[in-house]
Amino acid sequence: MIGAEHLAFACNGCGDCCRKHRVALTHHDLDRLARSLGAPAAALIEWLPADLVDLDAVSASMVLLPAGPRLMVLAHARGACTFLDTDNRCRAYAARPLDCQLYPFVLERAPDQQVTRLALFEPAGCGELRPDATNLEELTQADDERWARQLEYQALVAHFNRLARHRARLRHRPHGAPEFLAFLEATRARASR
């Protein structure tokens, strides 16, 4: 496999990824964080407008809100993720989103879903080599889970957006972020029955 040498990547704890990147969330990520931290979901997120995101990568995750399409991401404060502490450690590490768990690995796949190439999201910058390499099978399983959950989330967003367009056609008050979060919570409650 091309890029197998990247399996020796080890985080050096610089915290730059938590400063530079905005992490899009799924309903699973948000639920896990809220439960782990005992915090309301609304306190953990921000809504990025379309002009601040790569629409090719996230268009199916854009939620139709009254102010326009928005992407649900981890909240930032003082130029970094709100979970990054003063020692460059994540205060939500055990419950962090799947995108954070897989960072900085990018798995490229053939049509049969076999991993053909492994790359680093940002090849230059942070990171060190370590003697014990990341297990490719575990990495592949985590990537499979991430994409399955992403597709599930995108289906929920599509359903909410259809309802939003229907409300607009009927000239009803548009639903905002609180209603979207309630919609996600109701979906979770139905699934757990």
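Our structure's up above, just so we're on the same page.
For clarity, every value in this text was computed on a predicted model and none was experimentally measured.

Let's shift gears to the overall build of the chain. Counting its secondary structure elements, the chain contains 6 helices and 9 strands. Seen through its C-alpha atoms, the chain measures out along the principal axes to roughly 60 × 45 × 40 Å. Here the chain, with 193 residues, has 36% of them falling under the buried criterion. Look at the contacts in the chain between residues 6 or more apart in sequence, and 71% of them connect residues 24 or more apart. Separation of charge centres in the chain, based on 24 positive and 24 negative side chains, amounts to 11 Å.

Moving on to the nonpolar core. When a protein is soluble and globular, its nonpolar side chains tend to lie buried together. Ranked by size, the top nonpolar core spans 25 residues in total, and within it M72 and F180 carry the most contacts. Not counting residues up to four positions away in its chain, the partners in contact with M72 are V23, A24, L25, T26, L30, I45, E46, W47, Y153, F180, L181 and L184. Ranked by size, the runner-up nonpolar core spans 9 residues in total, among them F9, L102, L118 and L120.

What follows deals with the pattern of salt bridges. Scanning all chains against the criterion turns up 13 salt bridges. For E46, the salt bridge is made with R22, and the minimal N-O distance between the two is 2.7 Å. You can see E46 sitting in strand β2 (residues 45-49) and its partner R22 sitting in the loop between α1 (16-20) and α2 (27-37), a full 24 residues away along the chain. Residue class for E46 comes out partly exposed when judged on its relative accessible area of 25%. Exposure remark for R22: the relative accessible area of 33% places this residue in the partly exposed category. With a closest N to O distance of 2.4 Å, R146 and D143 form a salt bridge. Linking R146 with D143, this pair stays in helix α5 (residues 136-169), spanning 3 residues, or about one helical turn. You'll find R146 and D143 in the same group, each marked buried.

Before going further, it helps to examine the pairing of strand β8 (residues 115-120). As judged from the 5 bridges shared by strand β7 (residues 105-109) and β8, these two strands associate in the antiparallel manner. Bridge pairing in β8 links R109 to V115. Counting the residues in the hairpin turn of β7 and β8 gives 5 residues, including Q113, whose phi is positive at 75 degrees.

Between its terminal C-alpha atoms helix α6 (residues 177-191) stretches 21 Å, which fits the 21 Å expected from 15 residues at 1.5 Å a residue. What α6 keeps buried is the set A177, F180, L181, F183, L184 and T187. Projected down its long axis, α6 carries its buried residues within an arc of 155 degrees, all on one side. Buried residues in α6 make contact with α2, β2, β3 (63-65), β4 (68-74) and α5.

Here the focus is α2. By the burial criterion, the buried members of α2 are H27, D29, L30, L33 and A34. For α2, the arc enclosing every buried residue in end-on projection is 160 degrees, short of the 170-degree limit, so these residues lie on one face. Looking one or two residues beyond α2, the residue adopting positive phi is G38, at roughly 65 degrees.

With that out of the way, let us pick up the environment of R96. Tracing the backbone shows R96 in the loop between β6 (80-81) and α4 (98-102). Linking R96 and L74, residues 22 residues apart in sequence, is a C-alpha distance of 10.0 Å. In contact with R96, not counting residues within four places along its chain, are R32, L33 and Q101.

Rules used in this analysis
- Residues numbered from 1 in each chain as written.
- Predicted model: local features only at pLDDT ≥ 70, side-chain atom pairs only at ≥ 80, totals over all residues.
- Heavy atoms only, no water.
- Helix = DSSP H or I, 4+ residues; strand = E, 2+ residues; numbered from the N terminus.
- Buried < 20%, exposed > 50% of the residue type's maximum accessible area, 1.4 Å probe, protein only.
- Contact = heavy atoms within 4.5 Å.
- Lys, Arg positive; Asp, Glu negative; His and termini not counted.
- Charge placed at Lys NZ, Arg CZ, Asp CG, Glu CD.
- Core = buried A, V, L, I, M, F, W, Y, C linked by side-chain atoms within 4.5 Å.
- Salt bridge = Lys/Arg side-chain N within 4 Å of Asp/Glu carboxyl O.
- Pairing = 2+ DSSP bridges.
- Expected span 1.5 Å × (residues − 1).
- Arc of directions from axis to C-beta.

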